[in-house]
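# Structure at a glance
Now for the letters of each chain:
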Amino acid sequence: MKKQMVTDKQPTDFSITQFKEISTWVTSVEDLDQLLELIIETATRMMRAKASSLLLVDQKTKRLYFKVATGDKKDDVKKFEIELGQGIAGHVAVTGEPLLIPDVSKDPRWYKEISESIGFSTKSIVCVPMKIDGEIIGVVEIIDKTDGSAIKDTDIKLLAVFAELAALAIKSARKIARVKKENKSLKEALGSQHQIIGDCIALRKVITDAFKVANSKTNTLIVGESGTGKELLARLIHRAGNRRDEPLVILNCAAIPESLLEDELFGHEKGAFTGALDRKIGKFELADKGTIFLDEIGEMSLSMQAKFLRVLQEEVFHRIGGNIPIHVDVRVIAATNKDIAKEVAEGRFREDLYYRLNVVQIRMPSLRERKEDIPLLAEYFLDKFKKEKGLSRLPISPKALEKMMQYHWPGNVRELKNALERAVVLGNGREILPEDLPIFNSNPNPPGFEVGLTLQDAINGFKKEFIKLNLRYTGGNRSKAARIMGIQRTYLSSLISKYQIQEV
Ligand SMILES: Nc1ncnc2c1ncn2[C@@H]1O[C@H](COP(=O)(O)OP(=O)(O)O)[C@@H](O)[C@H]1O
Ligand SMILES: [Mg+2]
C-alpha cells in the first residue's frame with residue numbers, strides 16, 4: 001500500500017484525486033489495519049488535529065475498543081475500552097449522531113478518566129459514527145486542533161467522509177473474508193465429498209495413472225463395474241489437471257432418451273423446433289475449456305456416436321437449428337461398465353469412436369478385487385453417516401466386519417456405502433451388527449422357510465425371529481417393539497416367554 005502518500009504536505013495540497021485514490025484502495029483492501037490507519041492519519045493531517053482515533057464496537061462484549069489511534073499518547077490510549085453509552089464516543093456509538101463538543105469540561109458526557117490517566121489534555125472533540133448498512137460499527141473522533149483554533153462544523157462533515165471511507169473499507173474486508181471462507185469450506189466440502197478411499201495396489205495404480213493423464217487433454221476411457229468409482233475418478237482427473245478452475249460437466253448417456261441426447265449435448269437455437277422457445281446451450285459448449293464426463297457411453301446410439309465422433313474430430317459443432325460453427329476446447333472423459341471391446345466386436349459401438357475415446361484406458365477394480373480396502377471404506381462411510389446422524393461412537397462389530405469381508409459385493413463401493421447407511425439408520429445405535437447388514441445373510445430365506453416343517457412350526461419360527469429383530473431394533477424396549485409390530489405389550493411379553501426369547 002502506498003502509505004508514503006501521506007507526506008508532510010500542507011493539508012490544502014490534498015487534492016480530490018488523492019481522495020479518490022483512497023477510495024479505490026478501500027474496495028480492494030488487502031491489509032485492513034494498514035488501510036484504516038492510513039485513513040485516520042490522513043483525516044488527522046487534513047484537519048490538523050492533535051490526536052484522533054477509530055473505535056470499533058465489539059459485538060460480543062458491547063464495548064468500544066481502539067482500533068487506530070494517533071497523537072502523542074496513541075499507545076497508551078489503546079489500552080482502554082469504553083462501555084457503549086459511556087463518554088462522548090460511547091454516546092455517539094449508541095445514538096448514531098455526530099457530536100461536536102467545543103469544551104469537554106462543560107459536558108457531563110465527557111469521560112475524563114482516560115485523558116487524565118494518560119496525561120493528555122483535551123479541550124474539544126468531534127466524534128462521528130461509522131455505519132455499515134445502517135448498523136453502527138464504531139466511531140471516529142478527533143481531539144483539538146494543533147494550532148489551538150476551534151473545531152468547526154465543516155470538520156464534522158469532513159470527518160464524516162473519512163468515517164464513511166473507513167466503514168466501507170471494513171465492509172469490503174469483511175466481504176472478502178466471508179467469500180474466502182465460503183470458498184474454502186466449499187472446496188473442502190467438495191474435496192471430501194469426492195475423496196477416493198483405498199490403499200490397495202490396484203487403486204494406487206489407478207490414481208497414479210489419473211494424475212499422469214490429468215494435465216494433458218488426452219481422451220480417457222474409464223472402465224469398470226457399476227459402483228466402482230468411475231465418476232469419482234473422472235472428478236479427480238479434472239481436479240488434478242490444469243483445467244480444474246474450468247467447468248466439469250457430467251452427462252449420463254443412459255439417463256437421457258435417445259431423442260434428447262443431441263439436444264443435451266449440443267443445445268439448440270431459438271425456434272430450432274416446435275417448443276424451442278429460447279436458445280439452449282448444450283453440455284458440450286458449457287464444458288468449453290474444461291472437461292466433459294460422458295458416463296455410460298456404451299448406451300449411446302450408433303447414430304449419435306457418428307455425430308459425436310465428427311465433433312471430436314473437428315472440434316466444431318452446431319447448435320441444433322443453428323448455422324454458426326461453434327468451436328470448443330473440451331477434454332473428454334468417458335466411462336462405461338460394459339465390455340466395450342465386445343460391444344465394438346459385435347457392432348454396437350463404432351470402432352473409430354472407441355479408438356478416439358480410448359487413448360488412455362483406466363480400469364477401476366471391483367470391490368471383490370480389493371477386499372483389503374473394505375475396512376477402510378466401511379470406516380469412512382460409517383464416519384460420514386455417523387456425523388450426519390449426530391452419533392459419536394458406533395463401532396463395527398468384528399462379526400459384521402467378517403461378513404463384509406466374505407461378501408462378494410456385486411454393487412461394489414456403492415453397495416457398501418448404502419449398506420452402511422442403512423445399518424446406521426436401522427441398527428441399535430451402539431454397534432453395527434451382522435443383522436444390520438441383511439444383504440449378507442448366507443441364507444436369504446426367512447427363518448422357518450424350509451421343506452419338512454409343518455406350517456405351524458414355520459410360522460412359529462418366523463414369529464420368534466421377527467420378535468427378536470424388533471427387540472433388537474428397539475434395544476430391548478418391549479413397549480416400543482410392541483407398538484411397531486402393532487400388538488399389545490402384554491401380548492408381546494407372553495410371546496417372549498412362549499418362544500423363550502432371552503437375549504436379543
Ligand atoms: N474409492 C472410493 N472411495 C470413496 N467413495 C467411493 C469410492 N468408490 C466409489 N465411491 C462412492 O460410491 C458411489 C458410486 O461411485 P461412482 O463413482 O458413481 O461409481 P460408478 O460411476 O463407477 O458407478 C459414490 O457415492 C462414490 O462416492
Ligand atoms: Mg456412475
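See the structure shown above.
Please read all numbers here as calculations on a predicted model, not as lab measurements. (Residues numbered from 1 in each chain as written. Chains lettered and ligands numbered in written order. Predicted model: local features only at pLDDT ≥ 70, side-chain atom pairs only at ≥ 80, totals over all residues. Heavy atoms only, no water.)

## Focus: the nonpolar core
- Grouped together as the largest cluster of nonpolar side chains are 32 residues, with contacts concentrated most on Leu265, Phe284, Leu294 and Phe308.
- Broken down by secondary-structure element, the contributors of at least two residues to this core are strand 7 (220–223), strand 8 (248–252), helix 9 (258–266), strand 11 (291–295), helix 11 (302–314), strand 14 (331–336), helix 12 (340–345) and helix 13 (351–357).
- Broken down by element, the residue count for this core peaks at 5 residues, all from helix 11.
- Leave out the neighbours within four places in its chain, and Leu265 touches Leu251, Gly282, Lys283, Phe284, Glu285, Ile292, Leu294, Met300, Met304 and Phe308.
- Listed in part, the 29 residues of the second largest apolar core include Leu36, Ile40, Ile132 and Phe162. (Core = buried A, V, L, I, M, F, W, Y, C linked by side-chain atoms within 4.5 Å. Buried < 20%, exposed > 50% of the residue type's maximum accessible area, 1.4 Å probe, protein only. Helix = DSSP H or I, 4+ residues; strand = E, 2+ residues; numbered from the N terminus. Contact = heavy atoms within 4.5 Å.)

## With respect to the site of ligand 1
- Around ligand 1, 17 residues are found, and the nearest of them are Ile197, Gly227, Gly229, Lys230 and Lys417.
- Within the backbone of Thr228, one N or O atom sits 3.3 Å away from an oxygen atom of ligand 1.
- Between an oxygen atom of ligand 1 and a side-chain N or O atom of Arg414, the distance comes to 3.1 Å.
- A total of 550 Å² of accessible area belongs to ligand 1 in isolation, and the protein chains cover 89% of it.
- Contributing elements (two or more residues each) for the shell around ligand 1: helix 8 (230–240), helix 14 (374–389) and helix 16 (412–426).
- Its residues placed into classes, the shell around ligand 1 shows 6 nonpolar, 5 polar and 6 charged.
- Here the shell around ligand 1 spans two domains, and each of domain 2 (201–365) and domain 3 (366–441) adds at least three residues to it. (Near = heavy atom within 4 Å. Polar contact = N/O pair within 3.5 Å; in protein donor to acceptor, adjacent residues only side chain to side chain. Areas by Shrake-Rupley, 256 points an atom, 1.4 Å probe, with all protein chains shown as cover. Nonpolar A, V, L, I, M, F, W, Y, C, P; charged D, E, K, R; others polar. Domains from an automatic or database assignment.)

## Re the packing of aromatic side chains
- Throughout the structure, instances matching the rule amount to 8 aromatic pairs.
- Relative to Phe317, the ring of Phe284 has its centre 5.8 Å away and its plane inclined at 85°; by these criteria the two rings are edge-to-face. In this pair, Phe284 sits in helix 10 (residues 283–286) while Phe317 sits in strand 12 (residues 316–317), placing the two residues 33 residues apart along the sequence. Take Phe284 and Phe317: they sit in the same class, and that class is buried.
- Ring centres of Phe462 and Phe466 lie 5.4 Å apart, and the angle between their planes is 15°; on these two criteria the pair is classed as stacked. Separated by 4 residues within a single helix, Phe462 and Phe466 lie in helix 17 (residues 455–473), roughly one turn from each other.
- Under the relative-accessibility criterion, Phe466 is labelled partly exposed at 36%.
- Taking NZ or CZ as reference, Lys50 lies 5.1 Å from the ring centre of Phe120, over its face. (Phe/Tyr/Trp six-rings, centres within 6.5 Å; stacked < 30°, edge-to-face > 60°. Lys NZ or Arg CZ within 6 Å of the ring centre and 35° of its normal.)

## With respect to the pattern of salt bridges
- Applying the stated criterion to the full structure yields 37 salt bridges.
- Residues Glu231 and Arg235 are paired through a salt bridge, measuring 3.1 Å at the closest nitrogen-oxygen approach. Placement of both Glu231 and Arg235 in helix 8 is noted, with a separation of 4 residues, approximately one turn of the helix.
- Under the relative-accessibility criterion, Glu231 is labelled partly exposed at 32%. (Salt bridge = Lys/Arg side-chain N within 4 Å of Asp/Glu carboxyl O.)

## Let's talk about the pairing of strand 11
- Counting buried positions over the 5 residues of strand 11 gives 5, a clear majority of the element.
- Note that strand 8 and strand 11 share 5 bridges and pair parallel. Counted as the bridge partner of Val249 is Ile292 from strand 11.
- Across 4 bridges, the pairing between strand 11 and strand 14 is parallel. Note on strand 14: the bridge partner recorded for Phe293 is Ile333. (Pairing = 2+ DSSP bridges.)

## Examining empty space enclosed by the protein
- Scanning all chains against the criterion turns up 2 cavities of 30 Å³ or more.
- There is about 290 Å³ of room inside the largest cavity.
- Contributing to the lining of the largest cavity are 26 residues, with Phe66, Val77, Ile114, Glu141 and Ile143 lying nearest its centre.
- For the lining of the largest cavity, the secondary-structure elements that each account for two or more residues are strand 1 (49–58), strand 2 (63–70), helix 3 (74–77), helix 4 (87–95), helix 5 (113–118) and strand 6 (135–145). (1 Å grid on protein atoms, 1.4 Å probe; cavity = no way out; pocket = protein on both sides within 12 Å on 5 of 7 lines; lining within 4 Å. Points joined across faces, edges and corners; volume = space filled by probe spheres on them.)

## Description of the side chain of Ser52
- For Ser52, the position within the fold is in strand 1.
- On the basis of relative accessible area, Ser52 is assigned to the buried category, the value being 5%.
- At 2.7 Å, the side chain of Ser52 and the side chain of Thr44 are in polar contact.
- Excluding anything up to four places from it in sequence, Ser52 contacts Ile40, Thr44, Val68, Ala69, Thr70, Glu141 and Ile142.

## As for a nonpolar patch on the surface
- Taken together, the side chains of Val425, Leu426, Tyr473 and Ile484 make up a nonpolar region of the molecular surface, amounting to roughly 350 Å² of accessible area.
- Its relative accessible area of 49% is what places Ile484 among the partly exposed residues. (Patch = residues over 30% accessible without salt bridge, like charges linked within 9 Å, V, L, I, M, F, W, Y side chains within 5 Å.)

## Brief notes about the sheet that holds strand 14
- Spatial strand order, 8-11-14-7-15: 5 strands in an open sheet with parallel pairing. Strands with a single pairing partner mark the edges of an open sheet, and in this sheet they are strand 8 and strand 15 (360–363). Between one strand axis and the next, the sheet turns through 20° on average, direction left out of account. (Axes fitted to C-alpha atoms, helices over the stretch in contact; angles between N-to-C directions.)

## Here we look at helix 8
- Of all the positions in helix 8, only Lys230, Leu233, Ala234, Leu236, Ile237, His238 and Ala240 are classed as buried.
- Buried residues along helix 8 sit against helix 7 (201–214), strand 7, strand 8, strand 11, strand 14 and strand 15.

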